[in-house]
Protein chains: 2
Amino acid sequence: MRKFINEPKEAARETVEGFLAVYGSAFEEVPGALAVKRRELADKVAIVSGGGSGHEPVWLEYVGPGLADAVCQGDIFAAPDPGSIVKTAKAVDRGHGILFLYGNYAGDRLNFDLAAEMLVDDGHKVRTVRVTDDVSAAGPDRPIDRRGIAGGFFVAKVAGAAAEAGLPLHTVQALGQEAADRTRSIGVASGAGTVPGTGEPTFDLPDGEMEIGMGMHGEPGVRRTGMLTADETAAEMIDLLLQDRPVTAEDRVCVLVNGLGATTRAELLIVSRAVRRLLGERRLVIHDIQVGDFATCQEMHGFSLSLFAVSPELRPYYDVPARTSFFSGVNQV
Amino acid sequence: MRKFINEPKEAARETVEGFLAVYGSAFEEVPGALAVKRRELADKVAIVSGGGSGHEPVWLEYVGPGLADAVCQGDIFAAPDPGSIVKTAKAVDRGHGILFLYGNYAGDRLNFDLAAEMLVDDGHKVRTVRVTDDVSAAGPDRPIDRRGIAGGFFVAKVAGAAAEAGLPLHTVQALGQEAADRTRSIGVASGAGTVPGTGEPTFDLPDGEMEIGMGMHGEPGVRRTGMLTADETAAEMIDLLLQDRPVTAEDRVCVLVNGLGATTRAELLIVSRAVRRLLGERRLVIHDIQVGDFATCQEMHGFSLSLFAVSPELRPYYDVPARTSFFSGVNQV
């Protein structure tokens with residue numbers, strides 16, 4: 001056990017408290033829930049995200065101008081309970097309705113749907129966008145079962161901008177769903193993270209092997225192999241992404257090179273170099289590249305690549321500045 | 001070996017190329033050196049940083065408005081050569097002189113000093129500030145031998161702002177040195193990183209043990225022990241920092257909770273929660289808290305704490321906005 005925590009069962013709560021200890025001038029807790037909200041709420045559709053803890057900055061830090069208004073965290077790797085989601089949503093609804101935005105995992109789906117029913121019974125308007133970007137999670141004919149991974153950043157950014165623009169709930173949902181439909185991701189793992197407290201690895205992967213498509217919790221991927229080079233790995237992943245959803249001539253591409261926890265920044269930059277070349281060879285126009293730890297699973301070694309085929313209609317929303325603790329702006333290249 | 005790289009001997013170069021593949025709209029390479037510079041140079045003192053690769057974002061990404069104008073990288077864990085430093089400095093000197101700003105390691109000191117001599121011979125003005133923040137590296141009576149670690153961020157931020165303000169070289173140096181004199185850091189390690197290519201650990205530390213004060217390359221620290229809690233660890237480290245340099249009533253404190261590579265963001269936030277409480281108990285006023293991976297050593301598990309006792313005179317410089325790839329702004333709490 002190498003982690004610097006206190007009581008393992010308090011780790012999720014103390015993480016939220018730590019977030020507020022640092023960023024408390026802009027955010028505050030939602031009483032009665034493991035949740036944070038913006039202190040200053042605009043008069044607009046409220047965006048509420050959330051999910052299991054242990055993937056920081058997801059979803060805890062996806063809050064701020066141009067992103068979510070509140071996030072509700074569950075315990076480590078566990079969905080937030082419906083009651084907490086309801087409290088969180090009520091704390092930020094300004095009467096224009098609530099958009100739930102979260103990753104497509106069974107527990108989250110169940111609890112956010114239950115919360116939506118409870119909120120509707122109380123007179124709130126609720127709509128939902130689920131992030132389903134992981135191409136390895138199911139065949140192309142069953143996108144509904146696909147998991148949400150780091151590409152949720154693109155969905156949150158578009159939906160957040162649409163809400164900031166004062167658009168009505170159904171339009172914010174439609175634009176967010178359009179961003180989700182245009183986003184594809186795939187991960188690769190070369191080493192597991194460990195569960196806080198037990199120190200148990202989140203999956204078994206022999207040293208010197210990697211698995212393309214492995215999910216953040218060790219869900220099976222598409223191929224296990226000995227370590228490939230960064231260039232070979234990136235090429236195989238970009239192929240899988242573009243086979244699943246080709247990018248047309250009128251679209252531009254937003255790229256996210258996401259570290260899963262223990263991957264060094266140097267590796268992410270070396271991968272970014274390969275991705276830029278691979279997309280250039282296909283004559284695709286890159287609109288933005290983001291590099292960093294946007295969605296992690298403990299100290300997992302590996303990365304994910306996300307491509308968002310941003311249409312001319314969605315581009316103005318993507319370009320709206322957002323401000324949060326881990327994101328510093330769009331890098332137009 | 002778990003790393004996503006290509007040829008290990010090309011990793012440092014490809015990291016720089018990856019940085020430019022992502023951030024190339026604002027930065028460009030310095031021909032003939034493993035170095036990058038800002039595309040738009042202001043008419044002011046030039047700040048040049050650098051050091052061994054493998055500690056990203058240090059120093060590669062410490063470049064941009066309000067920070068360095070150029071950085072010169074060495075190979076992994078190796079100082080840049082004097083010729084490359086000279087090329088880098090000449091590429092950004094606008095006639096107001098050059099401030100060298102780097103961590104106090106023997107190789108860097110030697111090569112930057114040689115470069116300074118060569119530049120002076122060519123008619124350039126050069127001054128130097130060395131970062132010496134690591135309190136574990138030597139006794140309080142020998143600060144000159146202290147290593148530079150993550151606290152260099154504070155030094156770079158103050159010197160960068162002083163240069164942006166158009167101040168002359170000797171004043172930029174004096175303000176940077178004052179920031180260095182007021183900055184103290186200490187690290188803790190619970191697991192080693194590995195050397196790219198060989199996969200060899202950067203130091204030996206049995207699982208379940210931690211070492212307070214260990215340097216980024218495994219330099220010996222002040223105490224090895226079984227794992228403590230986050231709160232206990234933070235308390236011991238804050239004690240060491242404040243014993244070494246007490247903070248007086250007129251000063252405020254800027255805090256950096258820095259991840260060394262594989263440490264999760266949740267851990268850093270839990271540590272931040274403890275640090276905020278510990279400083280509050282001492283009635284110290286926190287001016288800013290930064291949390292993130294500001295100076296790493298591969299996938300090393302651990303963190304460092306830095307305290308910068310910012311005086312009323314230095315505060316306006318610290319508060320000048322800076323923009324770089326890994327830093328999103330000051331979090332006044």
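The model shown is predicted, which means the values in this text are computed figures rather than measured ones.

**Student:** Teacher, can you tell me more about the overall build of chain A here?
**Tutor:** Across its full length, chain A carries eight helices and 12 strands. Taken over the C-alpha trace, chain A has a radius of gyration of 19 Å; the compact-globule value for 333 residues is 20 Å, and the two agree within 12%. Dimensions of chain A, computed from the C-alpha atoms along their principal axes, are close to 55 × 50 × 35 Å. Across the 333 residues of chain A, 64% fall into the buried class. Carbon together with sulfur atoms contributes 50% to the accessible area of chain A, which is approximately 11100 Å² in total. A distance of 5 Å separates the average location of the 33 positive side-chain charges in chain A from that of its 46 negative side-chain charges.

**Student:** Would you take a moment to explain the interface of chain B and chain A for this structure?
**Tutor:** By a widespread convention, an interface's size corresponds to the accessible area lost as its parts come together. If you look at the interface, chain B gives 59 residues, while chain A gives 60 residues. Summed over both sides, the interface between chain B and chain A buries roughly 5000 Å², with carbon and sulfur atoms accounting for 55% of that surface. Applying the counting criterion to the chain B and chain A interface returns eight salt bridges. In this structure, R273 of chain A and E14 of chain B form a salt bridge, with 3.7 Å as the shortest nitrogen-oxygen distance. Connecting chain B to chain A are 20 residue pairs in polar contact (both at pLDDT 80 or more). Listing elements by their share of the side of chain B that touches chain A, those giving two or more residues are helix 1 (11–23), strand 7 (183–191), helix 6 (230–244), helix 7 (265–281), strand 11 (286–292) and strand 12 (301–310) of chain B. No other element matches helix 1 of chain B, which puts 11 residues into the side of chain B that touches chain A.

**Student:** Would you mind showing me how to read the packing of aromatic side chains here?
**Tutor:** What describes a pair of aromatic rings is the distance from one ring centre to the other and the angle between the planes of the rings. All names here are of chain A. Tallied over the entire structure, the rule returns 32 aromatic pairs over all chains. Pairing Y102 with F112 gives two aromatic rings, centres 4.2 Å apart and planes at 10°, and the pair type is stacked. Pair noted here: Y102 is in strand 5 (residues 98–103) and F112 is in helix 3 (residues 106–121), with a separation of 10 residues, a long-range link. For the pair formed by Y102 and F112, the shared burial category is buried. When the ring of F153 is compared with that of F326, the centres are 6.5 Å apart and the planes differ by 65°; the resulting orientation is edge-to-face.

**Student:** Which parts of the structure should I look at to understand the relation of the copies chain B and chain A?
**Tutor:** For the pair of chain copies, the relating operation is a rotation around an axis with a shift along it. Once chain B has been moved 0.0 Å along the axis and rotated by 180°, it coincides with chain A to within an RMSD of 0.0 Å. Expressed as a symmetry operation, the mapping of one chain copy onto the other fits a two-fold axis. Looking at chain B, 100% of its interface residues are interface residues in chain A too, so the copies touch through the same face.

**Student:** What is the right way to read the sheet that holds strand 11 (residues 286–292) of chain A from this model?
**Tutor:** Sheet strands line up and pair through hydrogen bonds in the backbone, either parallel or antiparallel. All names here are of chain A. One open sheet holds the six strands; their spatial order is 9-8-7-12-10-11, and the pairing between them is mixed. The open sheet has two free edges, formed respectively by strand 9 (223–226) and strand 11, since each of these has just one partner strand. With strand direction ignored, the average angle separating the axes of adjacent strands in the sheet is 15°. Note: strand 10 (residues 252–259) against strand 12 (residues 301–310), eight bridges, orientation antiparallel. If you follow G259 over to strand 12, its bridge partner there is F303.

**Student:** So what exactly am I meant to see when it comes to the environment of A322 of chain A here?
**Tutor:** Residue and element names in this part refer to chain A. Locating A322 in the fold gives a position in the segment after helix 8 (315–318). A relative accessible area of 13% places A322 in the buried class. Linking A322 and A68, residues 254 residues apart in sequence, is a C-alpha distance of 10.0 Å.

**Student:** Where do I start with the domain arrangement of chain A in this structure?
**Tutor:** Residue and element names in this part refer to chain A. Structurally, chain A comprises domain 1 (9–166) and domain 2 (183–318). Inter-centroid distance (C-alpha atoms) of domain 1 to domain 2 is 23 Å. Taken together, the contact pairs 26 residues of domain 1 with 36 residues of domain 2. Summing the contributions of domain 1 and of domain 2, the shared interface buries around 2500 Å²; its carbon and sulfur component is 68%. Seen at the junction of domain 1 and domain 2, the total is one salt bridge. Taking the shortest distance from any N to any O, the salt bridge between R146 and D244 comes out at 2.7 Å.

**Student:** Could you clarify how one ought to interpret the packing of helix 4 (residues 152–164) of chain B against helix 5 (residues 169–181) of chain B in this entry?
**Tutor:** In a packed pair of helices, the relevant descriptors are the angle between the two axes and the axis-to-axis distance. Residue and element names in this part refer to chain B. Between helix 4 and helix 5, the shortest axis-to-axis distance is 8 Å and the interhelical angle comes to 160°. Between helix 4 and helix 5, the angle falls in the class roughly antiparallel. You can see that helix 4 and helix 5 cross each other, and the crossing is right-handed. Where helix 4 approaches helix 5, its residues F154, V155, V158, A159, A162 and A163 are matched on the opposing element by V172, L175, G176, A179 and A180. Split by residue class, the contact of helix 4 with helix 5 holds 10 nonpolar, one polar and no charged.

**Student:** I keep staring at the sheet that holds strand 8 (residues 209–212) of chain B and nothing clicks. Help me out?
**Tutor:** Residues and elements named next belong to chain B. Ordered by their spatial adjacency, six strands build an open sheet running 9-8-7-12-10-11, and the pairing between neighbours is mixed. On the outer flanks of this sheet lie strand 9 (223–226) and strand 11, each paired with one strand and no other. Each neighbouring strand pair of the sheet contributes to a mean axis angle of 15°, computed without reference to strand direction.

**Student:** When you look at the pairing of strand 8 (residues 209–212) of chain A in this model, what are you seeing that I'm missing?
**Tutor:** Looking along a regular strand, one sees side chains alternate from face to face of the sheet. Bridge count for strand 7 (residues 183–191) of chain A against strand 8 of chain A is two bridges, and the pairing is antiparallel. Note on strand 8 of chain A: the bridge partner recorded for V188 of chain A is I212 of chain A.

**Student:** Honestly, the environment of T248 of chain B in this entry has me stumped. Any pointers?
**Tutor:** Residue and element names in this part refer to chain B. In this fold, T248 is placed in the loop between helix 6 and strand 10 (252–259). On the accessibility criterion, T248 (37% relative accessible area) is partly exposed. Distance in space between the C-alpha atoms of T248 and A234 is 21 Å, their sequence separation being 14 residues. For T248, the side chain forms a polar contact with the side chain of D251, separated by 2.9 Å.

**Student:** Would you explain helix 7 of chain B in this entry?
**Tutor:** Taking 1.5 Å per residue as the helical rise, helix 7 of chain B with its 17 residues ought to reach 24 Å, and the 24 Å between its terminal C-alpha atoms agrees with that figure. Burial within helix 7 of chain B is extensive, with 13 of its 17 residues counted as buried.

Cut-offs used in this document
Residues numbered from 1 in each chain as written. Chains lettered and ligands numbered in written order. Predicted model: local features only at pLDDT ≥ 70, side-chain atom pairs only at ≥ 80, totals over all residues. Heavy atoms only, no water. Helix = DSSP H or I, 4+ residues; strand = E, 2+ residues; numbered from the N terminus. Rg over C-alpha atoms; globule rule 2.2 N^0.38 Å. Buried < 20%, exposed > 50% of the residue type's maximum accessible area, 1.4 Å probe, protein only. Areas by Shrake-Rupley, 256 points an atom, 1.4 Å probe, with all protein chains shown as cover. Lys, Arg positive; Asp, Glu negative; His and termini not counted. Charge placed at Lys NZ, Arg CZ, Asp CG, Glu CD. Contact = heavy atoms within 4.5 Å. Buried area = accessible area lost by both parts, 1.4 Å probe. Salt bridge = Lys/Arg side-chain N within 4 Å of Asp/Glu carboxyl O. Polar contact = N/O pair within 3.5 Å; in protein donor to acceptor, adjacent residues only side chain to side chain. Phe/Tyr/Trp six-rings, centres within 6.5 Å; stacked < 30°, edge-to-face > 60°. Least-squares fit on C-alpha atoms with pLDDT ≥ 70 in both. Pairing = 2+ DSSP bridges. Axes fitted to C-alpha atoms, helices over the stretch in contact; angles between N-to-C directions. Domains from an automatic or database assignment. Parallel < 35°, antiparallel > 145°, perpendicular 65-115°, else oblique. Left-handed = near helix turned anticlockwise from the far one by under 90°. Nonpolar A, V, L, I, M, F, W, Y, C, P; charged D, E, K, R; others polar. Expected span 1.5 Å × (residues − 1).

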